[in-house]
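Letter by letter, the chains look like this.
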Amino acid sequence: MIAYNKQQLDNRDMVLEAEKAFRKQLITQEELSNIKAAYPVELYTPNMYLRIGLFILTLIIGIFSYGFLCLIMLGGASESVFGGINLFFAIGAYFVLELLVKEKKHYKSGADAALMWMSGSALIGGVLLLGGSMNPVGIGIFVLITATWFFLRFADQVMGWVAQLALLYTLIEILQSLRWVLPFVIIGVSFALYWLLKKLVQEEAFRHYKGVMKGMQALALLTLYAGGNLFVVSTFYELYYFGGPGWHTVVMPMLPMGLIFWVLTVATPFVYLYFGIRNKDQVLIRVGLILVAAIVFTVRYYHSVAPLEVAMTVGGLIMILLAYGVIKYLKEPKNGFTSEEDDEKGTLEALQVESILISQTFKTGAPGKDRFDFGGGSASGGGASGEY
Amino acid sequence: MNIRMFGKLEQDGLISPGSMSNIRAASEKKLFSLHWELKTILYLGVLLLSGGLGILVVKNIDTIGHQVVLLAIALACIGCFYYCFRKKLPFLWGKVPAPNPFFDYILLLGCLLFITFITYLQGAYGVFKFHYGTATFIPLIVLFFSAYYFDHLGVLSLAITNLAAWLGVNVSPLTFIEGTMYINMHLIITGLLLGGALLVVDYFTHYLRKKPHFGFTYRNFGMHLMLLACVAAMFKSGFNSYEEDASYLIWFVIQIGISYYIYREALKHHSFYFLLMMALYGYVGLSYVVVRLLFLTDSIGGVYAGILYFIASAIGLIIFLVNSNKKIKHDSLQ
């Protein structure tokens, strides 16, 4: 099923492991080069920046080729001609993609992702144009099939996510008559998906999908939470059954078992964190931490406990103290946890992204020449007095 | 660490039994790292706290009184700097590691509080009267001093941003994309000169071997400023002018010169990031020139030629980037 040479993928895993061991000084330089010689890797996976460059440029080539096709063919423009162009373009892009993977041995090079996206979206667009008025369920299923194919064939992260979301979308469309039970269907399906992915990750046969499946686990956990989050659920009902926002007052009292959603909103992230820490599962811990923020937002949306700035200050203080406490506590590793870096080379720090990031997030920290009016300047005392 | 994988390697005689026992020992006492999570919480905490305090101060300025606020900010700021002075490792012109995981964040918080303090002083009392330059110049000195003295890359970026603000340029690329930046010739020239100065500083950082690891940050800001200035000048030459204005060609030539310098630097420092950025700015510049020239033809053939140009040039750029990457050559698979 997978498009890549399995032997090559295994070799790649082996060399990556060996490089990791070498960075931790567990094996010698000589052993590393022996391993590299014994497990040659021909796959083309350039560094992150080149990947971004290849992605952008491949998109440019694709889009202008598409434009060129349209320019030549659109003499008698009709929907079916346009659909035909789309299908032709989708097939062409897919053909190039297979060629890149088979002949040039591209593996997550950026170019393959761009071709995947273009091929997939052109295919779906073409079918929609030719098929006329398709019902939402049909569209959902078609997207699901297309994305699943790309996911299985190229082990692509984004396509895996798209397939997951398409599945949930299709289910919502099919089961909309269930109404108040729908959130629990989403929760159940997400949980089943998570459980399935968790099992499959350990299977030898699916070893090439390991990293991708971890990303999909994270999304399954997020959709599971979304299914029980009060804000998401009530907004969904407002939009879906009552035709627009502003039906807040109608929906809220009608939500049966409103208490259940409150409990789910608040408890789920902590359940994630509990199991994450108990089982030392990184995905659970990270998703759990992100969702703690979701609790705060949800609670603040319905009950304005404190003004924003107080919440920010207190929250910031709590976070600093929490991190400080945990780092102090883990100074000597306890129960198998450490606050020290693991092998994170190749991630953010190695790319020196930090210095770029900080300048972006703090740009308002640096006052411009004319920014002394304190955003309103209604301050008493001097203030921005005079001509300013 | 996959023990079974290494077991196979040992069987094949690719790693020695000694290394194998190393790996076994390492995987037995393998610890679960919370490093990334804790750092993120700490960073967000610093952001939220300084942001929240800022808003708090602005909103309650009437009720709590200036002295109290100023005193509180000053005390917190002094506390942060006191901690940094006490904990820091001896100064070196090379890279100095942080003494503990909090050091960097406390320094960052201290610097942000200092900026708030000075801004507040000016806003509430007008201490610097109309010498707005002075009000930004003092934090500038403190930031550069902190960056060098405590060896902090984030504070250095903050300092450079502040320097640009002092000169009247908002460097952040986002403001450019959002179109909120008012572009005039004065701004473009300032950006070009500041960028050039930063590149010179980068050169001397390496040449004199004074904090050479700061070079990346200087070069990064310098490159973006200069190339952005060129591209902005080219795009500007098209606006508001009905008669043909050929000044964009001059800017394009300047851009080629700068790009060549950055290309050489990128190869020297084995940095693909700079190569890619240079190439993308160059691509935008070249495409602008080609499209402007094709407009002169004023025919449908121009549209076809334009589309073919984009396809061919993107292919050409891919070939250039892939070959340059081979030149820079990373041995690792990542």
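Residues numbered from 1 in each chain as written. Chains lettered and ligands numbered in written order. Predicted model: local features only at pLDDT ≥ 70, side-chain atom pairs only at ≥ 80, totals over all residues.

A. Geometry of the overall build of chain A. The helix and strand tally for chain A stands at 15 helices and 1 strand. Per-residue burial for chain A yields a buried fraction of 30% across its 388 residues. Considering only contacts within chain A whose residues lie at least 6 apart along the sequence, 59% involve residues at least 24 apart. (Helix = DSSP H or I, 4+ residues; strand = E, 2+ residues; numbered from the N terminus. Buried ≥ 20, exposed ≤ 12 C-beta atoms within 10 Å, placed from the backbone. Contact = placed C-beta atoms within 7 Å.)

B. Spatial organisation of the overall build of chain B. Along the backbone of chain B there are 14 helices and 1 strand. Looking at chain B as a whole, 38% of its 334 residues qualify as buried. Taking all contacts inside chain B whose residues are at least 6 apart in sequence as the whole, residues at least 24 apart take part in 59%.

C. Up close: the environment of F206 of chain A. The residue F206 of chain A is located in the loop between α8 (182-201) and α9 (210-228) in this model. Considered as a pair, F206 of chain A and L264 of chain A are 58 residues apart in the sequence and their alpha carbons are 33 Å apart.

D. Inspection of the packing of helix α14 (residues 308-329) of chain A against helix α3 (residues 35-59) of chain B at higher detail. Between α14 of chain A and α3 of chain B, the least distance of the axes is 7 Å, while the angle of their chain directions is 150°. For the element pair α14 of chain A / α3 of chain B, the angle class is roughly antiparallel. When you trace α14 of chain A past α3 of chain B, the crossing you get is left-handed. By residue class, the composition of the contact of α14 of chain A with α3 of chain B is 18 nonpolar, 6 polar and 2 charged. (Axes fitted to C-alpha atoms, helices over the stretch in contact; angles between N-to-C directions. Parallel < 35°, antiparallel > 145°, perpendicular 65-115°, else oblique. Left-handed = near helix turned anticlockwise from the far one by under 90°. Nonpolar A, V, L, I, M, F, W, Y, C, P; charged D, E, K, R; others polar.)

E. Broad picture of helix α1 (residues 6-23) of chain A. Its 18 residues give α1 of chain A an end-to-end C-alpha distance of 26 Å, which sits within 8% of 26 Å, the value for a rise of 1.5 Å per residue. Residues of α1 of chain A that are buried: R12, M14, A18, E19 and A21 of chain A. In this structure, the buried residues of α1 of chain A make contact with α2 (29-38) of chain A together with α1 (3-11) and α2 (17-28) of chain B. Note on α1 of chain A: the residue one or two positions beyond its end, Q25 of chain A, has a positive phi of about 60°. (Expected span 1.5 Å × (residues − 1).)

F. Structural context of the nonpolar core. Judged by nonpolar contacts, the single largest core of 141 residues is most densely connected at C111, V155, A159, C230 and M278 of chain B. Tallying contributions element by element places helix α6 (residues 103-125) of chain B first for this core, with 14 residues. In this view, C111 of chain B contacts L143, S146, V155 and L158 of chain B; residues no more than four positions away in its chain are not counted. A21, L26 and I35 of chain A together with F6 of chain B belong to the second largest nonpolar core, which has 11 residues in total. (Core = buried A, V, L, I, M, F, W, Y, C linked by C-beta atoms within 7 Å.)

G. Highlighting helix α14 (residues 300-328) of chain B. The end-to-end C-alpha distance of α14 of chain B is 42 Å, a good match for the 42 Å that 29 residues give at a rise of 1.5 Å each. For α14 of chain B, the full list of buried residues reads F310, A314, L317, I318 and L321 of chain B. On its buried side, α14 of chain B packs onto α3 (48-73) of chain A together with α13 (272-297) of chain B.

H. How the structure looks around the confidence of the model for chain B. Residue and element names in this part refer to chain B. With 88% of its residues at a pLDDT of 70 or more, chain B has an overall mean of 82. Mean pLDDT across the elements of chain B bottoms out in helix α9 (residues 173-178) (50) and peaks in helix α12 (residues 247-269) (90). The complex model carries a pTM of 0.80, and its ipTM stands at 0.79. (pLDDT = per-residue confidence, 0-100.)

I. How the structure looks around the packing of helix α5 (residues 66-87) of chain B against α6 of chain B. Residue and element names in this part refer to chain B. Two elements in contact, α5 and α6, have axes separated by 9 Å at closest approach and are oriented at 150°. Our classification of the angle between α5 and α6 gives roughly antiparallel. For α5 against α6, the interelement crossing comes out left-handed. Residues H66, V69, L70, I73, A74, A76, C77, C80, F81, Y83, C84 and K87 of α5 form the contact with α6, whose own contacting residues are F103, I106, L107, L109, G110, L113, F114, T116, F117, Y120 and A124. Here the residues of the contact of α5 with α6 are counted per class, giving 19 nonpolar, 3 polar and 1 charged.

J. Local environment of the environment of Y260 of chain B. By secondary structure assignment, the location of Y260 of chain B is in helix α12. Since 12 C-beta atoms lie within 10 Å of it, Y260 of chain B is described here as exposed.

K. Representation of unusual backbone geometry. Residues and elements named next belong to chain B. Although it is not a glycine, R209 adopts a positive phi angle of roughly 55°. Looking at where R209 falls in the secondary structure, it is placed in the loop between α10 (185-207) and α11 (215-238). Among the residues examined, R209 registers 10 C-beta atoms within 10 Å and is labelled exposed. Positive phi values are uncommon outside glycine, yet K211 reaches one of about 50°.

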